[in-house]
Amino acid sequence: MTGTCPECAAEFELSGVEQGEIVPCPECGVELEVLNANPVQLGLAPEEGEDWGE
Amino acid sequence: MASPSLLETAAPGATVANPEDVDLLHRIVTIESLSDGEGEAVAELVRQMAARGFDAEVDVAGNAVGRIGAGERHIVLLGHIDTVPGRIPVRIENAVLHGRGAVDAKGPLCTFVAAAAAAARRLNARVTVVGAVGEERMGSPGATAVACWPAPDLCVIGEPSGWDAVCLGYRGTLSFIYELVQPSRHTAGPGESAAEQAVAFWNGIVAHAAALNAEIQPTSTFGTITPTLRSMASDGDGMADRATLSVGLRLPPGVDISTLLGTIQALAGPATIRVDGAQEGYRTEKRSPLVPPFLRAIRAAGGTPRFTLKLGTSDMTVVGPAWGCPIVAYGPGDAALDHTPEERIELADYARAIRVLTDVLEAL
């Protein structure tokens, strides 16, 4: 299956991924979330926030 | 069962927690459980877990431990039942439960119990829920005992990430007491007083942390070494002068504590350094096998998932390095309310977190 990076528009092969999995774009390196596994739909992965609590 | 007065406060149209789940949280929050005084709350949690089908007991460390489900894989849900001091009248107003520990971390702990019970018949794994003692005090004895168990396949730490967020890591901590005692001296005479030397030591700690941060070049506060002067005192009786400092450092993962302590000892000169807490930071990656089911479940519950890194410390830093298994922290509540007089949790968020974790456990 082929996915498209929403950041750089690169198309690349993906196999055996599951919905919710985080994968890197092989072209631009950005982290992507598999929003749908079949057909593959990719979105930018949630970013890491910080807070001071426990 | 929750009293009618508890149930009728749920906001109409909102995500409403199961009355039994609200009753569980209300009961556990109502019982005061400061570190080293958790016995009554632990006993109640064991009773509540047993009533929900867990094989429940108090372990040798004093933790509440409940086991449910069957399967090859073992999942540990590690929460803590102790709280910091500060009595907040326990009440439910406008579907918000107020009380010490509602967020940190009885809300997440009761989420674990409720979700594991709800998922019990569809579990493909053995799930162990732990209400650990002593997380809020140095040494975290409950989690330290649990860390000696064989490593599970997966672990979730019960802390308030927010119902729609997955926490990936915590900073570590090093805390110590600096004490300098020297013969009393005339203030017009040569040399530095004990208090002056203590101040110089603290300034040295700040400068050393700044130098390490310059080497690390952190891109976030999580990656930064942060020193804190917690308290200071000095006195004398005419024979000896004394100065004491209580110092804490928050440490990003990767900082070697023994090397850091060597520098601290050198800066302290003739003063003594008594370490009262040391735990290296720990973080996991977004590609953890625990992440996909959480992201799916949060989206299914109507949320937009987030990742968080915490500037404080939790039991993830105790069991994470010991077990090396996939690990994240999760639980409802706003961590900004931790340890404050305003501690409270929205019951809708509690309900959403139970739904999310139930989905996660059924998927694993």
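Our structure is the block above this text.
So, a few notes on the structure that sits alongside this text.

Quick notes on the rules
Residues numbered from 1 in each chain as written. Chains lettered and ligands numbered in written order. Predicted model: local features only at pLDDT ≥ 70, side-chain atom pairs only at ≥ 80, totals over all residues. Heavy atoms only, no water. Helix = DSSP H or I, 4+ residues; strand = E, 2+ residues; numbered from the N terminus. Buried < 20%, exposed > 50% of the residue type's maximum accessible area, 1.4 Å probe, protein only. Contact = heavy atoms within 4.5 Å. Areas by Shrake-Rupley, 256 points an atom, 1.4 Å probe, with all protein chains shown as cover. Lys, Arg positive; Asp, Glu negative; His and termini not counted. Charge placed at Lys NZ, Arg CZ, Asp CG, Glu CD. 1 Å grid on protein atoms, 1.4 Å probe; cavity = no way out; pocket = protein on both sides within 12 Å on 5 of 7 lines; lining within 4 Å. Points joined across faces, edges and corners; volume = space filled by probe spheres on them. Nonpolar A, V, L, I, M, F, W, Y, C, P; charged D, E, K, R; others polar. Pairing = 2+ DSSP bridges. Axes fitted to C-alpha atoms, helices over the stretch in contact; angles between N-to-C directions. Buried area = accessible area lost by both parts, 1.4 Å probe. Salt bridge = Lys/Arg side-chain N within 4 Å of Asp/Glu carboxyl O. Polar contact = N/O pair within 3.5 Å; in protein donor to acceptor, adjacent residues only side chain to side chain. Core = buried A, V, L, I, M, F, W, Y, C linked by side-chain atoms within 4.5 Å. Parallel < 35°, antiparallel > 145°, perpendicular 65-115°, else oblique. Left-handed = near helix turned anticlockwise from the far one by under 90°.

1. Considering the overall build of chain B
Part 1: Counting its secondary structure elements, chain B contains 10 helices and 16 strands.
Part 2: Each principal axis of the C-alpha atoms in chain B carries an extent, and together these give about 75 × 40 × 40 Å.
Part 3: Taking all 364 residues of chain B together, the buried fraction comes to 55%.
Part 4: Taking as baseline every contact in chain B between residues at least 6 positions apart, the subset at least 24 positions apart corresponds to 79%.
Part 5: Entry remark: accessible area of chain B is about 14,700 Å², with carbon and sulfur atoms responsible for 52%.
Part 6: Each charge sign in chain B was given a centre, from 29 positive and 41 negative side chains, and these centres are 6 Å apart.

2. Looking at empty space enclosed by the protein
All names here are of chain B.
Part 1: For the structure on display, the rule yields 1 cavity of 30 Å³ or more.
Part 2: Of the pockets and cavities examined, the largest cavity occupies roughly 30 Å³.
Part 3: Those elements giving two or more residues to the lining of the largest cavity turn out to be α6 (194-216) and α7 (257-268).
Part 4: Considering each element in turn, the lining of the largest cavity owes the most residues, 3 residues, to α6.
Part 5: Tallied by class, the residues present in the lining of the largest cavity amount to 5 nonpolar, 1 polar and no charged.

3. Quick look at the pairing of strand β4 (residues 31-37) of chain A
Residue and element names in this part refer to chain A.
Part 1: Relative to β4, strand β3 (residues 22-24) runs antiparallel, the two sharing 3 bridges. Residue pairing across strands places P24 opposite E31, the latter belonging to β4.
Part 2: Joining the antiparallel neighbours β3 and β4 is a turn of 6 residues, in which G29 adopts a positive phi near 85°.
Part 3: Once β4 ends, the chain turns through 2 residues before running back antiparallel as strand β5 (residues 40-44).

4. Looking at the sheet that holds strand β5 (residues 96-98) of chain B
Residues and elements named next belong to chain B.
Part 1: What the 3 strands build is an open sheet, ordered β4-β5-β16; its pairing is antiparallel. Of all strands in the sheet, those bounded by a partner on one side alone are β4 (91-93) and β16 (344-346). Each adjacent strand pair in this sheet contributes to an overall mean axis angle of 20°, direction not counted.
Part 2: Note that β5 and β16 share 3 bridges and pair antiparallel. Paired with H98 across the two strands is R344, which belongs to β16.
Part 3: Against the sheet, helix α10 (residues 347-363) makes contact with β4, β5 and β16, and its axis sits at roughly 65° relative to β16, the strand it touches most.

5. Description of the interface of chain B and chain A
Part 1: In this complex, chain B contributes 32 residues to the contact, which on the side of chain A involves 18 residues.
Part 2: When chain B packs against chain A, close to 2,100 Å² is buried across both sides, 48% of that on carbon and sulfur atoms.
Part 3: Across the pair A:E18 and B:R296 runs a salt bridge whose closest N-O atoms are separated by 2.8 Å.
Part 4: Here chain B is connected to chain A by 14 residue pairs in polar contact (both at pLDDT 80 or more).
Part 5: Sorting the residues of the side of chain B that touches chain A by element identifies β8 (165-170), α8 (291-300) and β14 (306-310) of chain B as the ones contributing at least two each.
Part 6: Here the side of chain B that touches chain A is built from residues that sort into 13 nonpolar, 7 polar and 12 charged.
Part 7: Sheet analysis places strand β6 (residues 48-51) of chain A next to β14(B), joined by 4 bridges and oriented parallel. Among the inter-strand pairings, A:G49 is bridged to a residue of β14(B), identified as B:T308.

6. With respect to the pairing of strand β7 (residues 154-158) of chain B
Residue and element names in this part refer to chain B.
Part 1: Counting buried positions along β7 gives 5 out of 5 residues, so the element sits mostly inside the fold.
Part 2: Taking every second residue as pointing to the same face, both faces of β7 are buried, with L154, V156 and G158 on one and C155 and I157 on the other.
Part 3: Here strand β3 (residues 73-80) pairs with β7 via 4 bridges, running parallel. Bridge pairing links L77 to V156 in β7.
Part 4: Two elements, β7 and strand β15 (residues 327-330), share 4 bridges in a ladder whose sense is parallel. Residue pairing for β15: G158 is matched across the bridge by Y330.

7. A short note on the nonpolar core
Residue and element names in this part refer to chain B.
Part 1: Ranked by internal contacts, the top residues of the largest apolar core, which has 67 residues, are L77, V129 and L361.
Part 2: For this core, the element with the highest residue contribution is helix α4 (residues 102-119), accounting for 10 residues.
Part 3: The contact partners of L77, leaving out residues within four places of it in the chain, are F112, A116, V127, T128, V129, V130, V156, L357 and L361.
Part 4: Ranked by size, the runner-up nonpolar core spans 24 residues in total, among them F176, A194, W202 and V255.

8. A word on the packing of α8(B) against α10(B)
Residues and elements named next belong to chain B.
Part 1: Put simply, α8 and α10 touch, their axes get as near as 9 Å, and they point 140° apart. Put simply, α8 runs oblique to α10. α10 is crossed by α8, and the crossing has right-handed handedness. Contact residues: α8 offers P293, F294, R296, A297, I298 and A300, while α10 offers R355, V356, L357, D359, V360 and A363.
Part 2: Here the contact of α8 with α10 is built from residues that sort into 9 nonpolar, no polar and 3 charged.

9. What to know about the pattern of salt bridges
Any two side chains of opposite charge can pair, given that their charged atoms come close.
Residue and element names in this part refer to chain B.
Part 1: Per the counting criterion, the structure on display carries 18 salt bridges over all chains.
Part 2: With a shortest N-O distance of 2.6 Å, E343 and R100 are connected by a salt bridge. Residue E343 is located in the loop between β15 and β16, and its partner R100 is located in the loop between β5 and α4; the two are separated by 243 residues in the primary sequence. Take E343 and R100: they sit in the same class, and that class is buried.

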